[in-house]
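So the chains spell out like this:
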Amino acid sequence: QVRLVESGGGLVQAGGSLRLSCSASGRTFSSYVMGWFRQAPGKEREFVADISRRGGSTGYADSVKGRSTISRDNAKNTVYLQMNSLKPEDTAVYYCALRIAGATEYDTWGQGTQVTVSS
């Protein structure tokens, strides 16, 4: 079973940048679509971005489009989320997750990393 571990969260001022990383155990990382999600206090978890198995296709939520870039390095079993021009409303716990290509549900999740953006 694949295990996911996020890192790179922290406290940053509005307008700043962070790069989140998600490392996966196991040798089948390149078999999975990877996604980033976030959950702010008192709110439901929401989709942020996803990337296809080989990285050729990406998708973004409107709230982060143009400010964030998802990428992956299959040789390192790692997916990244570069976030720029951060806003206080980006404050949340960020989770990475994986799903089988063609499936609709993400079935493996990391423990999350906190991102706090101060105004």
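Below you will find a few notes about this structure. (Residues numbered from 1 in each chain as written. Predicted model: local features only at pLDDT ≥ 70, side-chain atom pairs only at ≥ 80, totals over all residues. Heavy atoms only, no water.)

### Observations regarding unusual backbone geometry
Phase 1 of the analysis: A positive phi angle, close to 55 degrees, is found at N77, a residue other than glycine.
Phase 2 of the analysis: Structurally, N77 is set in the loop between β7 (68-73) and β8 (78-83).
Phase 3 of the analysis: A positive phi angle is found at S85, which is not glycine, with a value near 50 degrees.
Phase 4 of the analysis: Here S85 shows up in the loop between β8 and β9 (92-100). (Helix = DSSP H or I, 4+ residues; strand = E, 2+ residues; numbered from the N terminus.)

### Things to note about the state of the cysteines
Phase 1 of the analysis: Summed over all chains, the structure comprises one disulfide.
Phase 2 of the analysis: Linked covalently through their sulfurs, C22 and C96 form a disulfide whose S-S length is 1.9 Å. Of note, the bridge from C22 to C96 carries an S-S torsion of about 50 degrees and is right-handed in sense. Remark: C96 occurs in strand β9 and C22 occurs in strand β3 (residues 18-24); sequence separation between them is 74 residues. Of the two residues, C22 and C96, neither departs from the other in class, the shared state being buried. (Disulfide = S-S within 2.5 Å. Buried < 20%, exposed > 50% of the residue type's maximum accessible area, 1.4 Å probe, protein only.)

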